[in-house]
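Below, each chain spelled out in residue letters.
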Amino acid sequence: MKKIGIELDGVPVTAVLYEDLAPLTVAALWACLPFEDRVTHGKWSGDMFHTNEELPIDLDMAQFPFGMENPVGFQAPGDIVYLPVAREIAIAYGEARFAWVAGAMMVSGLGRIEGDLAAFAKKAERLMWEGAKTLTLRRLP
Amino acid sequence: MKRMIVEFDDQQFEAVLFEDRAPIICGNIWNALPLEGPVTNTKWSGDMLRLWVQIPEPPEHENMAQLHNPGDIIFLHKWNGLRFVYGQARMQGPSGAHPTPLVGRMLGGVDALAALGRRVEWEGARPMRLRRA
């Protein structure tokens, strides 16, 4: 089982990736790690923040429904999702549903944060008040 | 016609209140001026800034609008404060879109407001001050 460490402005959590549900995308994400970016709070999706630099993931997902592996329409706190068209990762930390101008969108469910989310969620909520912060993703053994 | 000066992050804009269409809410806003508070983006509604102030809230829901244009100024019952639309936006929350009182409009400066909206997104909350023109 692939696990990653996520750190948002000094607050660490661990997450499990869904190798079984999204094997190609998870493998591509794994190959990108470590990855660091300045993340900002979402403006359409509720309690969710997202990366801004495109992840170097180049996959042909045309054969999959909705053009992605493991398409999900709803997110729970701690869910990690990927939007192929923007090559961005988004992480839900509370009440959230991935959306853009046209409304709610399907995204690829790639994993979920394990354990207590409270400190991480508190830090994520501050993105709206303090602006962009550094997010790092790295492989865990 | 009631006009306000919007001072936001060292820039100044003029706005008008729709006292003909939302007389009670606009009267409350006018009587509460000057107002000052931090501005953030919203979580659910797109290109829309939220000014975190408290305005005496009447029960009346006047001039309800569901679609918004850049420059619109919106009051929101229960959550209070004012919202400033600077791009593609729709007032909504976890339960979906909902109409809200349209109480005024910026008289120009929308492009500058949009730039400030992006700045708030990246650099964090900035102060805004509203006063009578």
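Scroll up to find the structure this text is about.
Computed from a predicted model, the values in this text were never measured in an experiment.

Reading the values: rules and limits
- Residues numbered from 1 in each chain as written.
- Chains lettered and ligands numbered in written order.
- Predicted model: local features only at pLDDT ≥ 70, side-chain atom pairs only at ≥ 80, totals over all residues.
- Helix = DSSP H or I, 4+ residues; strand = E, 2+ residues; numbered from the N terminus.
- Rg over C-alpha atoms; globule rule 2.2 N^0.38 Å.
- Buried ≥ 20, exposed ≤ 12 C-beta atoms within 10 Å, placed from the backbone.
- Contact = placed C-beta atoms within 7 Å.
- Nonpolar A, V, L, I, M, F, W, Y, C, P; charged D, E, K, R; others polar.
- Core = buried A, V, L, I, M, F, W, Y, C linked by C-beta atoms within 7 Å.
- Arc of directions from axis to C-beta.
- Pairing = 2+ DSSP bridges.

## Quick look at the overall build of chain A
Thought 1: Along chain A, the regular secondary structure elements total 3 helices and 11 strands.
Thought 2: Secondary structure of chain A in N-to-C order comes out as β-β-α-β-β-β-β-β-β-β-β-α-α-β.
Thought 3: Its C-alpha radius of gyration of 14 Å places chain A within 12% of the 14 Å reference for a compact globule of 141 residues.
Thought 4: Taken along its principal axes, the extent of the C-alpha atoms in chain A is 40 × 40 × 25 Å.
Thought 5: The proportion of buried residues among the 141 residues of chain A is 39%.
Thought 6: Nonlocal contacts in chain A, meaning residues at least 24 apart in sequence, comprise 70% of its contacts between residues at least 6 apart.

## Considerations on the interface of chain A and chain B
Thought 1: The interface is formed by 14 residues belonging to chain A together with 14 residues belonging to chain B.
Thought 2: Elements with a contribution of two residues or more to the side of chain A that touches chain B: β3 (35-41), β4 (46-50) and α3 (127-130) of chain A.
Thought 3: Class assignment for the residues of the side of chain A that touches chain B results in 5 nonpolar, 5 polar and 4 charged.

## Thoughts on the nonpolar core
Thought 1: In terms of nonpolar packing, the biggest core is built from 33 residues, with Met48, Ala90, Ile91 and Leu110 of chain A touching the most fellow members.
Thought 2: Look past the residues within four positions of Leu110 of chain A in its chain and what remains in contact with it is Leu17, Tyr18, Ala22, Thr25, Val26, Leu29, Ile80, Val81 and Tyr82 of chain A.
Thought 3: Grouped together as the second largest cluster of nonpolar side chains are 32 residues, Phe8, Leu17, Ile73 and Leu113 of chain B included.

## With respect to helix α2 (residues 118-125) of chain A
All names here are of chain A.
Thought 1: Within α2, the full set of buried residues consists of Phe120, Ala121 and Ala124. The buried residues of α2 occupy an angular sector of 95 degrees when the element is viewed end-on, so they sit on one face. Relative to its buried face, α2 has exposed residues pointing more than 90 degrees away, namely Ala118 and Lys122.
Thought 2: Contact partners of the buried residues in α2: β1 (3-8), β2 (11-17), β4, β7 (88-96), β10 (107-114) and α3.

## A word on the pairing of β1 of chain A
Residues and elements named next belong to chain A.
Thought 1: Along β1, the buried face is formed by Ile4, Ile6 and Leu8; none of Lys3, Gly5 and Glu7, which line the opposite face, is buried.
Thought 2: Judged from the 6 bridges that link them, β1 and strand β11 (residues 133-140) form a sheet pairing that is antiparallel. Bridge pairing in β11 links Leu8 to Leu135.
Thought 3: Here 6 bridges tie β1 to β2, and the two strands are oriented antiparallel to one another. What sits directly across from Ile6, in β2, is Val13.
Thought 4: Hairpin connection from β1 to β2: 2 residues lie between these consecutive antiparallel strands, with Asp9 at a positive phi of about 50 degrees.

## Quick word on the environment of Pro71 of chain A
All names here are of chain A.
Thought 1: Following the sequence through the fold, Pro71 ends up in strand β5 (residues 71-72).
Thought 2: Residue Pro71 is classed as partly exposed on the basis of its 17 C-beta neighbours within 10 Å.
Thought 3: Sequence-wise, Pro71 and Gly42 are 29 residues apart; in three dimensions their C-alpha atoms are separated by 20 Å.
Thought 4: Those residues within four positions of Pro71 in sequence are excluded, and the remaining contacts are Pro65, Phe66, Met106 and Ser108.

## Looking at the pairing of strand β11 (residues 126-132) of chain B
Residues and elements named next belong to chain B.
Thought 1: Where strand β1 (residues 3-8) meets β11, 5 bridges bridge the pair, whose relative direction is antiparallel. Opposite Glu7, over in β11, you have Arg129 as the bridge partner.
Thought 2: Across 5 bridges, the pairing between strand β3 (residues 35-41) and β11 is antiparallel. Its bridge partner lying in β11, Leu35 is registered against Leu130.

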